[in-house]
Amino acid sequence: MKNTVNKITAVIMLIYISAVMFFIFFGKSSGVPIYGDKTDKEKAFSLSGIMNGKFGKYISERISTDFPARNHMISVDSGIRSAFTENIVNGVYVDEKMLLNAEISDRGTTSENAAIINRFCSEYDGTVYFTAVPTSSGVYDSYFPEYLRKNTESMQINSLYSELDENIRDIDAYNILKMLNENYIYYRNDTKWTSYGAYCVYRTVIQKLGFSPTAYDKYTIDHVADDFRGNLYERTFYSDVKPDIIDIYRYPDGAEILSCTGCDNDLKSFSGELYDKSLLESGDMYDMYLGEKRPLVKLRTTVNNERKLLVIKDSFADCFIPFLTQHYSEIDVIAPEYMEGSVEKYVDPANYEQILFLFGIDSMDDENLFDVLVTPLEERKSE
Amino acid sequence: MIYSSLLFIYVFFPFSLLAYYVTPAKYRDVTLLVLSMIFCAMNGVGFLIFMTVYTAMNFAACHLVGKYRKNKGMARSIMILALVLDISAVFVFRSDFFIAYRELLSIPEEFFPVGISFFTLSAAGILADVYTGKTKHNRNFVTFALYIIFFPRLIIGTPLRYSGFRRMLHSQHTGLADIGTGITFFVKGFAKKVIAADSLYALYSASVSVDIGEMPVLTAWLGAVSYLLSFYFTLSGFSDMSAGISRCFGFRIPKNFNYPIFSQNVRCFTARWHIQASQWFRQYIAKPLYSISDIRLYKDIVLIAVGGLIGFWYTFDAGGTICGIIWGIAITAETYFIKDKHLQATGRLYTFIIAVICTVFMAGESSAYSIKYLFAMIGGNRVLADSQSLYLLKSYVLILIVSIYTAASFFRNIIVRSRMKKVQNIITALSPVIVISMMILCTVLISYRGSSEILLLKM
């Protein structure tokens, strides 16, 4: 009997494995991306990538993304894990109300990044402002089990601010957001803040920059989407948490946008939009803010004060920048994440009287993010 | 690429099975070698080059040792030279003490020849066998290379003797029933790794994130027990996966673990833990040393020292060595003081406690930390439990119970020793369903990351 059963097992399993293999190669990809450090295709197939196994990793990632019904599988995975172990699924803390990133970094690169920013700013004569925004796990860390509440984001923000030069003016976003945490200031399915969260911080930031904030009641708020599922959802497919709402804040009587131009790394210009609604149909609805991801975006407004602002930012700033457009005639936005080469290639910092750094504190965990700010500077000095 | 990954299970494995079975029997060795080389290359062509050079060097050394067997001095020098090279390779890669050498050889930081601790045992074993004349050197490079890089046992597989491997190679039983048995084994190992080992490792990481000076007794115990079980399920899971894949290609690899965790005494535990690796150390290190003298004290010292060596082989640091020494002392003490061979409950309990103590040294980042940890386990921090430890206990209690149940031999006993033929038949008849369900469940559990790669130790 055993022999027969083994043969049956073999047949069933071989059919199952071949069927899955068929769907991996010929089925429709679920398109659910791999979270975290993705292996770059070009790097994977370079000589060093082939030597050190990056290409194997790349293929492995491709197989995972193309795996049939991956999103359903992750969803089942979440259900099983939260039922039988902690409420932590693939590094995400699953609460009834919201999802929170539970992958607490060791915060090891904060001071190196602070040093890079200091070096960049020492070359610049205008005023530099720095706003480090906590992610949702920083503001709602009381939801976490105790052992995840060490090494908090507020500590990281404090240590970053203490390491930044004195003439960089740091602006506290953490306490504002913490105080308002009963409100809808963070997405339930994403690590980032909502437009309302951004607005609350904007009120303080703009005062420090020398303007009075636009009052809340002057805005008309459009709910452009109510089914936004962000980066935390993609890691769990946990659908018991309500989907998020995406808002656009319009100021009908305020200044208008004259132009919004995005530039790619070859400095080719593309006309863009402050809110690109076509991207609501794409994978990440949050991309709607400020449109396609570009290293440089230039905004020109009808504000008649000839004030210029340079914003150096990550994705947290995307829903924040629209509020700034009421105060400056020119705002240029650079994103180190997408830049290749020096800052000077895109903009000349000396042309701006103010520079605003606006980053999610999690960007400080990125080892090489800020390198573009200084490497070319050093090369120039050594020449 | 490791066995517990979607890439391996759903692409490489079926592809290699197909390639193997469509090849005429005469060329199947070559097919296996090519497949093994592809497997290596998927982990980096650098790794493949390393393995090729390593294998060629050992092949040449074996050849020369065999050739100059009559000239003892010459043969010994060649053997020692090859052994030194093999062992230095392990040291250079496994110990951070030699990081400067890696830089000197401009080896990239992330490069690690996975499985080096295991295939070095194989290589050293065959050198010794050829030198002593136990095995005749085979001039067939394919067989030799396959012995070193055979992909189903490359990653934490079972160290085998060359003669045994060759025998298997020439008497492969292949067929549908073997594939069925192999896949069943594989799925068992896969489940051990993904369901038990990974969850327990999460419990361990959560436990040890508490400050050691404030750790309550319960948290400390949860941490140590979960590490021990996770370590066991990782090693035995990989052994099962490795044996399962090998079986699909007709290789019957002997058992590596036989439910050691809840053994009746330390000796029994040793005999059931990592059987093939322990046998290697017994065969090639302990036995020659034992033969030097018959004095009992000397033999005890050798036993403890070999224990330390095995511990060192696991971790390459002081913690592992201390763990091995404690184990050696426990075995020795047992032979002196405990004569009763049938200690039931108490025997299981003290064996388990010694295993937990050893685990603390194996897992600890430093010996000082491990001592503090033991202190916390016996209530040195004057806290029995806090909300955190209760939370962890509550979250993981089910996983712990299931893991302990399967780590003990209860489940096997139901199947094997059950007198009720009916129960056995039902379980056998249901096994295809159980196997495919487990496979789907484990696939679901790794669907997010695409693989389950935590190995606890870089072996």
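J.: Any chance you could break down the overall build of chain A for me, citing the residues and the numbers?
T.: Looking only at helices and strands, chain A features 13 helices and 13 strands. Relative to its length of 383 residues, chain A is compact, with a C-alpha radius of gyration of 23 Å against a globular reference of 21 Å. Taking the principal axes of its C-alpha atoms as reference, chain A extends roughly 90 × 55 × 40 Å. Relative to its full complement of 383 residues, chain A shows a buried share of 53%. Across chain A, every contact between residues at least 6 apart in sequence was considered, and the portion connecting residues at least 24 apart equals 73%. Counting every atom, chain A has about 17400 Å² of accessible surface; 48% of that belongs to carbon and sulfur.

J.: Lay out the nonpolar core with the relevant residues and their values.
T.: Counting 227 residues, the largest nonpolar core has W193(A), F320(A), L324(A), Y3(B), F8(B) and Y10(B) as its most contacted members. In terms of residue count, the dominant contributor to this core is helix α10 (residues 217-248) of chain B (16 residues). Residues I116(A), I157(A), L296(A) and I334(A) belong to the second largest nonpolar core, which totals 35 residues.

J.: Just give me the short version of the pattern of salt bridges, but keep the residues and values in it.
T.: Tallied over the full model, the rule gives 20 salt bridges over all chains. D141(A) is paired through a salt bridge with K178(A); the nearest N and O atoms lie 3.3 Å apart. Taken as a pair, D141(A) in the loop between α7 (136-139) and α8 (153-163) and K178(A) in helix α9 (residues 174-179) lie far apart in primary sequence, 37 residues in all. Across the pair D198(B) and K193(B) runs a salt bridge, and its minimum N-O distance is 2.6 Å. For K193(B), a relative accessible area of 0% gives the class buried. Through salt bridges with shared partners, a single network forms among R300(A), K308(A), E330(A) and D332(A).

J.: Just give me the short version of the environment of S154(A), but keep the residues and values in it.
T.: As for its position among the elements, S154(A) is in helix α8. Sequence separation between S154(A) and A132(A) is 22 residues; the distance between their C-alpha atoms is 9.9 Å.

J.: Talk me through the domain arrangement of chain B; I want residue IDs and the actual numbers.
T.: All names here are of chain B. Domain assignment breaks chain B into domain 1 (6-171) and domain 2 (178-408). Tallying the contact residues gives 34 residues for domain 1 and 29 residues for domain 2. Counting each side, the surface lost to burial between domain 1 and domain 2 is near 2800 Å², with a carbon and sulfur contribution of 74%. If you sort the residues of domain 1 by the area they bury against domain 2, R94, L121 and T158 come out on top, with a joint share of 20%. Our count for the domain 1 to domain 2 interface comes out at zero salt bridges. Connecting domain 1 to domain 2 are nine residue pairs in polar contact (both at pLDDT 80 or more). Looking at the side of domain 1 that touches domain 2, the elements with two or more residues in it are α1 (6-22), α4 (72-94), α6 (116-132) and α8 (162-170). In terms of residue class, the side of domain 1 that touches domain 2 is made up of 23 nonpolar, six polar and five charged.

J.: Which residues make up the packing of α10(B) against helix α16 (residues 367-377) of chain B, and what are the values?
T.: All names here are of chain B. In the contact formed by α10 and α16, the axes pass within 7 Å of each other and the chain directions differ by 125 degrees. Compared by their axis directions, α10 and α16 come out oblique. Taking contact as the criterion, the partners of V217, T219, A220, W221, G223 and A224 in α10 are, on α16, Y373, A376 and M377. When its residues are assigned to classes, the contact of α10 with α16 shows seven nonpolar, two polar and no charged.

J.: Lay out the sheet that holds strand β9 (residues 269-271) of chain A in plain terms, naming residues and giving numbers.
T.: Residues and elements named next belong to chain A. Pairing is mixed across the open sheet formed by eight strands, whose spatial order is β5-β4-β13-β11-β12-β10-β8-β9. Looking at the sheet topology across the chains shown, the edges are occupied by β5 (168-172) and β9. The mean angle between the axes of side-by-side strands here comes to 20 degrees, regardless of whether they run parallel or antiparallel. Examined bridge by bridge, strand β11 (residues 308-313) and strand β13 (residues 354-360) share five bridges and lie parallel to one another. When the bridges of β13 are listed, L310 appears paired with I355. This element, α8, spans β4 (127-133) and β5 of the sheet and lies at about 165 degrees to β4.

Each value, and the rule that gives it
- Within each chain, residue numbers correspond to sequence positions counted from 1 in written order.
- Labels follow written order: the first chain is A, the first ligand is 1, and so on.
- Residue-level local features of this predicted model are given only where pLDDT is at least 70; pairs of side-chain atoms are given and counted only at 80 or more, and the full residue set underlies all totals for whole chains, interfaces and linings.
- To get the side-chain values, all heavy atoms of the structure are used, and hydrogens and water are removed first.
- Strands here are runs of E lasting at least two residues and helices are runs of H or I lasting at least four, both read from the DSSP assignment and numbered beginning at the N terminus.
- Throughout, radius of gyration means the C-alpha value; the globule benchmark is 2.2 Å times the number of residues raised to the power 0.38.
- Buried, partly exposed and exposed residues are distinguished by accessible area as a fraction of the type maximum, computed with a 1.4 Å probe on protein chains only: under 20%, between the cut-offs, and over 50%, respectively.
- By definition in these notes, contact holds between two residues if any of their heavy atoms fall within 4.5 Å.
- Every accessible area reported is derived by Shrake-Rupley at a probe size of 1.4 Å, with residue values counting cover from the shown protein chains alone.
- Joining through side-chain atoms within 4.5 Å is the link that ties buried Ala, Val, Leu, Ile, Met, Phe, Trp, Tyr and Cys residues into a set, and such a set is a nonpolar core.
- Criterion for a salt bridge: a side-chain nitrogen of Lys or Arg within 4 Å of a carboxyl oxygen of Asp or Glu.
- Segmentation into domains, and thus their bounds, comes from an automatic or database assignment.
- The buried area of a pairing is the accessible area, by a 1.4 Å probe, that goes missing from both parts when the two are put together, added over both.
- In protein, a polar contact requires one atom able to donate a hydrogen and another able to accept it; more generally it is a pair of N or O atoms within 3.5 Å, and residues adjacent in sequence count only if both atoms are side-chain atoms.
- We call Asp, Glu, Lys and Arg charged. Ala, Val, Leu, Ile, Met, Phe, Trp, Tyr, Cys and Pro are nonpolar, and the rest, Gly among them, are polar.
- Axes here mean lines fitted to C-alpha atoms, for a helix over just the part in contact, with angles spanning 0 to 180 degrees between N-to-C directions.
- Roughly parallel covers angles under 35 degrees, roughly antiparallel covers those over 145, roughly perpendicular covers 65 to 115, and oblique covers all other angles.
- Two strands pair under a simple rule: DSSP has to find at least two bridges between them.

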